[in-house]
Amino acid sequence: MLGTDFRIGSPNWIDLGSPDTTGAAAFYSAVFGWEFVSAGPEAGGYGFFQHTGKTVGALGPLSEEGATPAWTTYFKTEDIQDTARQVVSGGGAVRAEPMDVMGEGWLAQFTDPQGAQFAVWQPGKTKGLEKASEDNTLLWVELHVPDPVAAIGFYNGLFGWRSEEMQAPGMTYRVLSIQEGDQQDGTFGGVAPLQEGQGDARWVPYFSVADADALATSVESNGGSVLMPAADVPDVGRIAWLADPYGAVFAVLKPNPQQG
């Protein structure tokens, strides 16, 4: 499962772009118990979500013209310039050129060939998230695209990811693993075919929770919406798809104890 021992292609950061950072911070504080900590006046409103004093994500204002509220998943690279070149040669697009973030690391933002947005982080002083795969932290990332096989080919060219097919209700699901080490130990996410009514291709973060039903109720009572009510997925756990009050989509998972 996803951890904080980041290797090439590991999800190592997530952040939320929101039109109302104050409101978003209040929502996620109410739902997950996170505290928002500003990165300082020079950061343009950007700051960190912390849980028990450890960074579990980040939040900033929408900066791109026409951008919609969304969570962005970042993957580790050790050569951000080369990754940007590979994105373009693989048919993707560069939305934000590689830039140095005050010595903390380098970031770049991309769109894959099927329209899903993602980013990369080349660590400097900041390696990435400080806590994952615990309650109220990032557990899994999932790509929803029209053509999963083509998507895996694209990302394999960037990060060398491995994939394994498994049958899920009504579809073939593909579990992703980083290039290094044991494939099972290196799993961090999956790829699913985009279903009708799911909107555009996208990466969706899953947060681990102790009670998916209670979390969904809390989302609604704090102004968010339930896109898919909590439901059991065999051998995985109980999942709900949700959106914050501004429309940013995320999911929660209470893992099957035998999967831990």
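None of these values were measured; they are calculated from a predicted model. (Residues numbered from 1 in each chain as written. Predicted model: local features only at pLDDT ≥ 70, side-chain atom pairs only at ≥ 80, totals over all residues. Heavy atoms only, no water.)

Here's the deal with helix α4 (residues 212–221)
Among the residues making up α4, those that are buried are A212, L215, A216, S218 and V219. An end-on view of α4 places all buried positions within 160° of arc, on one side of the element. Of the exposed residues in α4, those oriented more than 90 degrees away from the buried face are T217, E220 and S221. Tucked into the core, α4 has its buried residues touching α1 (21–32), β14 (225–233), β15 (237–243) and β16 (249–255). Its side-chain oxygen at 3.1 Å from the backbone nitrogen of D213, D211 defines the N-terminal cap of α4. (Buried < 20%, exposed > 50% of the residue type's maximum accessible area, 1.4 Å probe, protein only. Helix = DSSP H or I, 4+ residues; strand = E, 2+ residues; numbered from the N terminus. Arc of directions from axis to C-beta. Contact = heavy atoms within 4.5 Å. Polar contact = N/O pair within 3.5 Å; in protein donor to acceptor, adjacent residues only side chain to side chain.)

As for the sheet that holds strand β12 (residues 187–193)
Adjacent strands of a sheet form backbone hydrogen bonds with each other and so pair up, either parallel or antiparallel. Strands sit in the order β10-β11-β12-β9-β13-β16-β15-β14 across an open sheet of eight strands; the sheet is mixed. At either end of the open sheet lies a strand with only one pairing partner, and these are β10 (162–168) and β14. Sheet twist, expressed as the mean angle between neighbouring strand axes with direction ignored, is 25°. In this structure, β10 lies alongside strand β11 (residues 171–177), joined through seven bridges in antiparallel fashion. Note on β11: the bridge partner recorded for A168 is M171. Its contacts with the sheet put α1 on β13 (202–208), β15 and β16, and the angle it makes with β16 is roughly 10°. (Pairing = 2+ DSSP bridges. Axes fitted to C-alpha atoms, helices over the stretch in contact; angles between N-to-C directions.)

So, the packing of aromatic side chains
In this structure the tally under the stated criterion is 33 aromatic pairs. A centroid spacing of 5.6 Å and a plane angle of 55° characterise the contact between Y28 and F49, whose relative ring orientation is tilted. Here Y28, found in helix α1, pairs with F49, found in strand β3 (residues 47–51); they are 21 residues apart in sequence, far enough to count as distant. The exposure class of Y28 is buried, given its relative accessible area of 0%. Measuring from centroid to centroid gives 5.5 Å for F110 and F118, while their planes differ by 50°, and the two rings are tilted. For F110, a relative accessible area of 0% translates into the label buried. (Phe/Tyr/Trp six-rings, centres within 6.5 Å; stacked < 30°, edge-to-face > 60°.)

A closer look at helix α2 (residues 80–89)
Inspection of α2 places I80, T83, A84 and V87 among the buried residues, and these make up the whole buried set. Taken end-on, α2 shows its buried residues confined to a sector of 100°, consistent with a single buried face. α2 presents R85 and S89 as exposed residues on the side facing more than 90 degrees away from its buried surface. Looking at the buried side of α2, the elements it contacts are β6 (93–100), β7 (105–111), β8 (117–123) and α3 (148–159). Backbone geometry just after α2 places G91 at a positive phi near 100°.

Notes on the nonpolar core
Ranked by internal contacts, the top residues of the largest apolar core, which has 61 residues, are Y28, F32, W71, F118, W203, F250 and V252. Judged by nonpolar contacts, the second largest core, of 12 residues, contains A192, V204, I239 and L253. (Core = buried A, V, L, I, M, F, W, Y, C linked by side-chain atoms within 4.5 Å.)

Here's the deal with the layout of surface pockets
Within this model, the second largest pocket holds a volume of roughly 1100 Å³. Every residue lining the second largest pocket is counted, 36 residues in all, and those nearest its centre are E142, Y173, V233, V236 and I239. Every element with two or more residues in the lining of the second largest pocket is listed here: β9 (138–145), β10, β11, β12, β13, β14, β15 and β16. Per element, the largest residue contribution to the lining of the second largest pocket is five residues, and it comes from β14. Across the lining of the second largest pocket, the residue classes tally to 21 nonpolar, nine polar and six charged. (1 Å grid on protein atoms, 1.4 Å probe; cavity = no way out; pocket = protein on both sides within 12 Å on 5 of 7 lines; lining within 4 Å. Points joined across faces, edges and corners; volume = space filled by probe spheres on them. Nonpolar A, V, L, I, M, F, W, Y, C, P; charged D, E, K, R; others polar.)

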